[in-house]
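Survey of secondary and tertiary structure
Below, each chain spelled out in residue letters.
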Amino acid sequence: MTRALTAILYAPGTNCHEETAAAMERAGLASELMLLRDLLDGRSRLSPYQAAVIPGGFSYGDHLGAGRVFATLLVARLGEQLEEFLAAGKPLLGICNGFQVLAEAGILPLRSLGKRGMALLENQSGRFEDRKVRLLVSRQECVWTQGLGAEILELPSAHGEGRPLFPDSPGSGKLHVVLNYADATGNPTSHYPENPNGAPGAVAGITDESGLVLGLMPHPERASLPAHFSQDGLKLFKNLARRLRS
């Protein structure tokens, strides 16, 4: 039986697509790298794929803002395909720059395509933050964090614009926060450098209401090999594999 395929969408400036594909393979997933231009020109479509990932990097050089050009093309040129993909209940993951794309496109936090409901601003430190972080997994599980509630995951972060701004406070109950930056005791923290960007409410990852769409700033694909300081990133990808097998 052919394994379900996941599309890894990349564009000029994306630089984590091959790492993401390799991590997904280690988690038992089949994936294909898909250049966004092939979708825009009609050479490929999203419909044959059962999940999609937008990986990290600096798509289109972060011109006009991190993730903005990628997001604008998704909404303006591929909005119908994307709406069909999401309506079919197919999981979607945005990692770092991919999270920025999902936010700029309005897919997170409220899945309102073309209507931005949040922003990811410059880190409070005013510089690019490349460091290990701890993430507390919320007991409010989603497809990606199934069975991981209350665990601490160790992943690397690497971003210059990762501080989320929401119209509602993270504790309002209107946001679906599934990952928080945590301190050495395992508690959510606003302190630097454990919270590398100054995220209010220590928010590191959120989902839409369905729990199928996840955006997070740290990089799970960079915590997937024995040579890495952690293999916790594989846990997210293995949850996707279980979902696609079910």
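Reference entry: report on the structure contained in this document. (Residues numbered from 1 in each chain as written. Predicted model: local features only at pLDDT ≥ 70, side-chain atom pairs only at ≥ 80, totals over all residues. Heavy atoms only, no water.)

**Quick look at the overall build of the protein**
Scanning the protein from N- to C-terminus turns up five helices and eleven strands. Compactness check: the protein gives a C-alpha radius of gyration of 16 Å against a globular reference of 18 Å for 246 residues, within 12% of the reference. Dimensions of the protein, computed from C-alpha atoms along their principal axes, come out at roughly 50 × 40 × 30 Å. Intrachain contacts of the protein at a sequence separation of at least 6 include 73% that bridge at least 24 residues. (Helix = DSSP H or I, 4+ residues; strand = E, 2+ residues; numbered from the N terminus. Rg over C-alpha atoms; globule rule 2.2 N^0.38 Å. Contact = heavy atoms within 4.5 Å.)

**Thoughts on the sheet that holds strand β9 (residues 176-182)**
Pairing within the open sheet is mixed, and its nine strands lie in the order β2-β1-β3-β4-β11-β10-β9-β6-β7. The open sheet terminates on both sides in strands that have one partner only, identified here as β2 (30-35) and β7 (152-159). For this sheet, the mean angle separating the axes of adjacent strands, direction not counted, is 25°. Across three bridges, strand β3 (residues 51-54) lies against strand β4 (residues 92-95) in parallel orientation. What sits directly across from V53, in β4, is L93. In the packing of helix α3 (residues 68-87) onto the sheet, contacts are made with β1 (5-10), β3, β4 and β11 (213-216), and the angle to β3 comes to roughly 165°. (Pairing = 2+ DSSP bridges. Axes fitted to C-alpha atoms, helices over the stretch in contact; angles between N-to-C directions.)

**Some details on the pattern of salt bridges**
Under the criterion given, the structure shown has twelve salt bridges. With a closest N to O distance of 3.1 Å, R68 and E104 form a salt bridge. With a gap of 36 residues between them, R68 in helix α3 and E104 in helix α4 (residues 97-105) connect regions that are remote in the sequence. Overall, E104 belongs to the buried group, its relative accessible area being 18%. A salt bridge links R111 to D208, with the shortest nitrogen-to-oxygen separation between them at 3.1 Å. (Salt bridge = Lys/Arg side-chain N within 4 Å of Asp/Glu carboxyl O. Buried < 20%, exposed > 50% of the residue type's maximum accessible area, 1.4 Å probe, protein only.)

**Here we look at α4**
The buried fraction of α4 amounts to nine of the nine residues, a majority that puts the element mostly inside the structure. Among the residues of α4, those classed as buried are N97, G98, F99, Q100, V101, L102, A103, E104 and A105. Looking at the buried positions of α4, the neighbouring elements they touch are β3, α3, β4, β5 (119-121), β10 (203-207) and β11. Phi turns positive one or two residues past the end of α4, at G106, with a value near 85°.

**Topic: helix α1 (residues 17-26)**
Where α1 is concerned, the buried positions are H17, T20, A21, A23 and M24. Taken end-on, α1 shows its buried residues confined to a sector of 165°, consistent with a single buried face. Facing away from the buried side of α1, by more than 90 degrees, are the exposed residues E18 and E25. Next to the buried residues of α1 lie β1, β2, β3, β4 and α5 (233-245). One or two positions beyond α1, positive phi appears at G28, with a value near 90°. (Arc of directions from axis to C-beta.)

**Description of the environment of E84**
Mapped onto the secondary structure, E84 falls in helix α3. A residue is classified by how much of its surface remains accessible, and E84, at 43% relative accessible area, is partly exposed. Placed 40 residues apart in sequence, E84 and S44 show a C-alpha to C-alpha distance of 15 Å.

Interpretation in functional terms is not warranted from these geometric data alone.
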